[in-house]
Amino acid sequence: MKRALVFYLYGTKNAGDMAICTGAAEMLKNQGFTITMVSRFSEHENEYLRSKEYIQSYYPDIQVIPGPFSFERNFSKIRKLGSYAQGLLKITGILPEKELKKLIAEHDCIFFNGGNLLRGKTAADYLRLAALFYPIELAKRMGKPVWCLPQSSADVSKTGRFLLSRYLDGMKMLYVREELSYNYLKSLFPKVPFTKSTDLAFFCSDTNQAKNIYTAKYAKMLEKGSTALVLRGSGIGDIGQLDNETRDRLLDEMELYIKAHPEKHYWIIVQTLKDRDIAKMFYEKVRGTADIHMIEDHDPLVLREIYRRMELTLTMRLHAGILSLSALTPVIGLFSEKWGLKNPGILSHYGMPYLIAEKDSRNINRVIEETPPGNPEMIQERIASELRKFHITGM
């Protein structure tokens, strides 16, 4: 059986990050791989154990090992830069990593996990890229075939372009999860073997375990035909906060939708730790407008069961939309252009309406009027078509 080594297993605080990981596990298992995942966290961090326990609760045969250094976003700036700088030292050979070389040698092929990582605009971005790609560069030097699982992009400066051109060179294939990022990356790196694909979370499948958890926790609470509301106030990569003007525009549009449909039942879904405060604030503001309740869960497979019971998901979080679509629930997106190309790229591909706060002068009701959400049959057909395209070949 083929042995796959995946960099990286992400954390549990953001359901979207873990949805990518469960999707990667499903996709690679379906293609006959045994899987080892290297955590994005070092063995000294609690999130390493949490993410390991989570992924192995659904996939007990997946091996998880701690990362060679940490990429923890919640570190202080000094600790974060220090951790990223370690990657620079290692990639230049100053800090050799014998155990990592041994691990790479034991596997047939190497995968850089999906996400929104092919971007670079600031000094912190450049250090992050160096650290993230250190094992990938090592694997390429050792002659191992390397694939980049579906990624998106955002702003890339001249320095970022220089660094990424080095890191992407020599990969077998680089999957891009939507057309906007594909066109942008292809224009920056015309010789790199990009191919259009879709987000890994679309590979998430039904599990009895997730259904049982949903039944025990939520079945008596959630009414069929409700609308899910998913909020976000953070910047790209969940670093920092949106500016007040953009945040307020998005919240106003969500409130406008609720006021236009006061007869509906609403559930505010908190699927990312950093969304808790903005969700509570919005709940207190609109709770008298309609029948509105709030729940929090970070398990993407349980969330998928929740979204399955909804008639619609109105979301600022991309993976709330993807998990909804994978469960054949239509989606409306409320996005900031600061979050990159992934949001409009994926929703437009699946025929779902969306609004970009900084660019769209229309209100949410006008957007929906002009582009009604697609039906479940169309969603199912489009997802099946995309998943059939995805093959790891040429090892």
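Above this note sits the structure.
Residues numbered from 1 in each chain as written. Predicted model: local features only at pLDDT ≥ 70, side-chain atom pairs only at ≥ 80, totals over all residues. Heavy atoms only, no water.

## Digging into the overall build of the chain
The number of helices and strands found in the chain is 15 helices and 14 strands. The C-alpha radius of gyration computed for the chain amounts to 20 Å, which stays within 12% of the reference 21 Å derived for 395 residues, consistent with globular compactness. Seen along its three principal axes, the alpha-carbon backbone of the chain occupies a region of about 60 × 45 × 40 Å. Buried residues in the chain amount to 58% of all 395 residues. Taking the contacts inside the chain whose residues are at least 6 apart along the sequence as the reference set, 74% of them involve residues at least 24 apart. Summed over its atoms, the accessible surface of the chain is roughly 16,300 Å², and 51% of this surface lies on carbon and sulfur atoms. (Helix = DSSP H or I, 4+ residues; strand = E, 2+ residues; numbered from the N terminus. Rg over C-alpha atoms; globule rule 2.2 N^0.38 Å. Buried < 20%, exposed > 50% of the residue type's maximum accessible area, 1.4 Å probe, protein only. Contact = heavy atoms within 4.5 Å. Areas by Shrake-Rupley, 256 points an atom, 1.4 Å probe, with all protein chains shown as cover.)

## Focus on the environment of alanine 131
Note that alanine 131 resides in helix H5 (residues 123-141). The buried category is assigned to alanine 131, whose relative accessible area is 0%. Counting along the chain gives 63 residues from alanine 131 to proline 68, while the straight-line C-alpha distance between them is 9.5 Å.

## Remarks on the packing of aromatic side chains
Aromatic rings considered in pairs are described by the distance between their centres and by the relative angle of their planes. By the definition in use, this model includes 12 aromatic pairs. Arranged with centres 5.5 Å apart and planes meeting at 70 degrees, the rings of phenylalanine 7 and tyrosine 8 form a pair that is edge-to-face. For the pair phenylalanine 7 and tyrosine 8, one class covers both residues: buried. Among the aromatic residues, those joined into a ring-pair cluster are Phe7, Tyr8, Phe112, Phe133 and Tyr167. The lysine or arginine in question, lysine 2, covers the ring of phenylalanine 33, its NZ or CZ lying 4.5 Å from the ring centre. Its end group placed over the ring of tyrosine 214, arginine 309 keeps NZ or CZ at 4.2 Å from the ring centre. (Phe/Tyr/Trp six-rings, centres within 6.5 Å; stacked < 30°, edge-to-face > 60°. Lys NZ or Arg CZ within 6 Å of the ring centre and 35° of its normal.)

## Brief notes about the sheet that holds strand S13 (residues 331-335)
With respect to topology, six strands assemble into an open sheet ordered S11-S10-S9-S12-S13-S14, the strand pairing being parallel. On the outer flanks of this sheet lie strand S11 (291-296) and strand S14 (354-356), each paired with one strand and no other. The average undirected angle you get between the axes of adjacent strands in this sheet is 20 degrees. Along the sheet face, helix H9 (residues 244-260) touches strand S9 (226-230), strand S10 (265-270), S11, strand S12 (310-315), S13 and S14 and points at about 150 degrees away from the line of S13. Contacts from helix H12 (residues 318-326) reach S9, S12 and S13 within the one sheet, and its direction differs from that of S12 by about 160 degrees. (Pairing = 2+ DSSP bridges. Axes fitted to C-alpha atoms, helices over the stretch in contact; angles between N-to-C directions.)

## A few points about the nonpolar core
Residues Phe111, Phe133 and Leu168 are the most contacted members of the largest nonpolar core, which totals 131 residues. Each residue touching phenylalanine 111, except ones within four places of it in the same chain, is listed here: Ala4, Leu5, Val6, Phe7, Leu28, Phe33, Trp147, Leu149 and Ile392. (Core = buried A, V, L, I, M, F, W, Y, C linked by side-chain atoms within 4.5 Å.)

## So, the packing of helix H1 (residues 15-30) against helix H2 (residues 46-58)
Helices that pack against each other are described as a pair by the angle of their axes relative to one another and the distance between those axes. Closest axis-to-axis distance for the H1/H2 pair is 11 Å, and the angle between their directions is 45 degrees. Taken together, the axis directions place H1 and H2 in an arrangement best described as oblique. The chirality of how H1 crosses H2 is right-handed. Residues Met18, Cys21 and Thr22 of H1 pack against Ser51, Tyr54 and Ile55 of H2. Here the residues of the contact of H1 with H2 sort into four nonpolar, two polar and no charged. (Parallel < 35°, antiparallel > 145°, perpendicular 65-115°, else oblique. Left-handed = near helix turned anticlockwise from the far one by under 90°. Nonpolar A, V, L, I, M, F, W, Y, C, P; charged D, E, K, R; others polar.)

## What about unusual backbone geometry?
With an omega dihedral of 20 degrees, the bond running from phenylalanine 7 to tyrosine 8 counts as a cis peptide bond. Inspection of the secondary structure assignment puts tyrosine 8 in strand S1 (residues 2-9). Even without being a glycine, aspartate 238 presents a positive backbone phi close to 60 degrees. In this fold, aspartate 238 is placed in the loop between S9 and H9.

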